[in-house]
Amino acid sequence: MALLRTGVTAILLLWTTYAAAQSFLGPNAGICESQGGQCQNRLTGCGAGYQPASDYYANSPFVCGFNFICCVPNTQPVDDNCGQRLPVSESRILNGIPSSLCDWPFVVSIRSLKTGFAPPLTFSNTDPSCSGVILNREWVLTHALCCYIQDSTPDQAASNLVVVAGEYNVLQADVDPATGQRAEQLLRVSRCYVHPSYVLDGQDTLDSVDVNNDMQTNSNGLALIRLADPVQQSNCASQACLPSATPLRNTGCDTYNNCVFLGWGYSAADYSVLDPRLSYGRTTIYRDSVCDYMAQSVYPTKPRPEGSACTSPRDGTGVCVGDQGGPVLCYDGDRWAVQGILPFRWCEDDAPHPWVVDVAAYEEWIQTTMANP
């Protein structure tokens, strides 16, 4: 018994000495930061886009503290091929020129069942309604509103929506120039997962949405579509990266200059032109302080939706009806990552609309939903 007491006393003394030393010296977080990492609570673990440092000393309690761990950026995406595509030429969306076939393999067309028709869904009994972006073989990211097309609910998505990967011209069959085979893949939908903070719920329809109210229509306006048929990767269909897979985001970058936004919306402000070919426009995307300034000083009459970033399209390009759900893709010198999702908006060219859904702000929800559907 005396030996047991002595052992416990020694352990307590050692712990007290360690705690006092740590309190006096403080954790040496500089070692963690030198690897581009950050100290996180050991119980909650590393956040989205981060993983525990492999270096022994970086995980030592003398680095971040006893209850903390050094988390470094996880720069390895789920698929090493994410965000890869061939070089393309300049184009626009509103007032612009279409892209070329298979230029943007990450973008999908979301089609909805025509009124008066019944499943199974095909090209002939559906119409293009939204855009989206491929995250992996089973998941597509889009705007929340796209799960309510044709007055349906997200629970009815499997019978009302179909996703087309490898799409270019929504009115005709496209041929992959690399293989000579049809480029489109008509993919059935398993389920829509709308962000839980979106204004609608599974019992509501588009009738309850005020599309003139930016705050209602676009706040937390994100949704994931789980595919019943997996995407077959090809020259015309592949996945974009999430923000955490790019080094720019992991260094705290808040401005991306080399970006494009894509969709199949109207290409004229008076709704007179609806080009069936995928179009894109150049843009810059900002976060935090710049968006706060825009909301307070530049666009005080246009409230900033919750969870939004802001953009500055170039050359008079803009977003219009039909583009909703399309991605804002940014290039980091190696990969294209989806940094934003286009909102629903009207085409008025005299009413600037800088807001897009900030994907990085929702990446933890995206990762969790895909891992635990």
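Residues numbered from 1 in each chain as written. Predicted model: local features only at pLDDT ≥ 70, side-chain atom pairs only at ≥ 80, totals over all residues. Heavy atoms only, no water.

Peer 1: I'd like to hear about the sheet that holds strand β9 (residues 223–227), residue by residue, with values.
Peer 2: Here we have six strands rolled up into a closed barrel, ordered β4-β5-β6-β9-β8-β7, and antiparallel in their pairing. Shown here is a sheet whose adjacent strand axes are inclined to one another by a mean of 45°, direction ignored. (Pairing = 2+ DSSP bridges. Helix = DSSP H or I, 4+ residues; strand = E, 2+ residues; numbered from the N terminus. Axes fitted to C-alpha atoms, helices over the stretch in contact; angles between N-to-C directions.)

Peer 1: I'd like a description of the pairing of strand β8 (residues 185–194), backed by residues and values.
Peer 2: Relative to β8, strand β7 (residues 161–165) is paired through four bridges, and the arrangement is antiparallel. The residue of β8 that forms the bridge with V162 is R188. One ladder, built from five bridges, connects β8 with β9; its direction is antiparallel. Within β9, the position partnered with Y193 by the bridge is L224.

Peer 1: Quick one: what's the story with the state of the cysteines, residue by residue and with numbers?
Peer 2: Summed over all chains, the structure comprises seven disulfides. The side chain of C102 participates in a disulfide bridge whose partner is C236; the two sulfur atoms lie 1.8 Å from each other. Between C102 and C236, the disulfide has an S-S torsion of 65° and is therefore right-handed. Note that C102 is positioned in the loop between β3 (68–73) and β4 (107–113) and C236 in the loop between β9 and α6 (247–250), a separation of 134 residues in sequence. C102 sits in the buried class, given a relative accessible area of 13%. A sulfur-sulfur distance of 2.2 Å marks the disulfide that ties C291 to C310. Where C291 bonds to C310 through sulfur, the torsion about that S-S bond is close to -95°, and the disulfide is left-handed. Of this pair, C291 sits in helix α7 (residues 289–298) while C310 sits in strand β12 (residues 308–311), and the two are 19 residues apart along the sequence. Taken individually, C291 and C310 each receive the classification buried, so the pair is uniform in this respect. (Disulfide = S-S within 2.5 Å. Buried < 20%, exposed > 50% of the residue type's maximum accessible area, 1.4 Å probe, protein only.)

Peer 1: Any chance you could break down the pattern of salt bridges for me, citing the residues and the numbers?
Peer 2: When the charged atoms of two side chains with opposite charge come close together, those side chains can pair. Across all of its chains, the model carries five salt bridges by this definition. Residues R182 and E184 are paired through a salt bridge, measuring 2.9 Å at the closest nitrogen-oxygen approach. Here R287 ties to D358 by a salt bridge, and the two come within 2.7 Å at their closest N and O atoms. A residue pair is termed long-range when its members are at least 10 positions apart, and R287 in the loop between β11 (279–286) and α7 and D358 in strand β15 (residues 355–358) qualify at 71 residues. With a relative accessible area of 2%, R287 lands in the buried category. You can call D358 buried: its relative accessible area is 8%. (Salt bridge = Lys/Arg side-chain N within 4 Å of Asp/Glu carboxyl O.)

Peer 1: Outline the pairing of β4, listing residues and values.
Peer 2: The side chains of a regular strand alternate between the sheet's two faces. Judged by how many residues are buried, β4 sits mostly within the fold: seven of seven residues are covered. Two elements, β4 and strand β5 (residues 126–136), share seven bridges in a ladder whose sense is antiparallel. Paired with V108 across the bridge in β5 is G132.

Peer 1: Residue-level account of empty space enclosed by the protein, with values.
Peer 2: The method is simple in principle: a probe with the dimensions of a water molecule rolls over the atoms, and the space it marks as empty is what remains. One pass over the full model with this rule turns up two cavities of 30 Å³ or more. Here the largest cavity is characterised by a volume of approximately 50 Å³. Forming the boundary of the largest cavity are I134, N136, R137, V231, Q232, Q233, A237, S238 and Q239. For the second largest cavity, the full set of lining residues is N218, P305, E306, G307, S308, P343, W355, V356 and V357. Here the residues of the lining of the second largest cavity sort into five nonpolar, three polar and one charged. (1 Å grid on protein atoms, 1.4 Å probe; cavity = no way out; pocket = protein on both sides within 12 Å on 5 of 7 lines; lining within 4 Å. Points joined across faces, edges and corners; volume = space filled by probe spheres on them. Nonpolar A, V, L, I, M, F, W, Y, C, P; charged D, E, K, R; others polar.)

Peer 1: Explain the confidence of the model for the protein residue by residue, including any values.
Peer 2: With 71% of its residues at a pLDDT of 70 or more, the protein shows a mean pLDDT of 78. Mean pLDDT across the elements of the protein ranges from a minimum in helix α1 (residues 2–25), with 36, to a maximum in strand β6 (residues 139–142), with 98. Note that residues 1–26 has pLDDT below 50 and, in this model, nine contacts with residues that lie over four places away or in other chains. For residues 89–97, every residue scores under 50 in pLDDT, and the model assigns this stretch 38 contacts once sequence neighbours within four places are set aside. (pLDDT = per-residue confidence, 0-100. Contact = heavy atoms within 4.5 Å.)

Peer 1: Now, about helix α8 (residues 363–371): what can you tell me, with residues and values included?
Peer 2: For α8, every residue scored as buried is listed here: E363, W365, I366, T369 and M370. Axial view of α8: buried residues confined to an arc of 160°, hence all on one face. More than 90 degrees from the buried face of α8, the exposed residues found are E364 and A371. Packing partners of the buried residues in α8 comprise β5, β6, β8 and β9. (Arc of directions from axis to C-beta.)

Peer 1: Explain the nonpolar core to me, and be specific about the residues and the numbers.
Peer 2: Ranked by size, the top nonpolar core spans 29 residues in total, and within it W104, L141, L224, L329 and I366 carry the most contacts. When contributions to this core are tallied by element, the ones reaching two or more residues are β5, β6, β10 (255–263), β14 (336–341) and α8. When sequence neighbours within four positions are dropped, the list of residues in contact with L329 reads W104, F106, A240, N258, C259, V260, L262, W336, A337 and V338. In terms of nonpolar packing, the next biggest core, distinct from the first, is built from 26 residues, C147, Y148, V189 and V231 among them. (Core = buried A, V, L, I, M, F, W, Y, C linked by side-chain atoms within 4.5 Å.)

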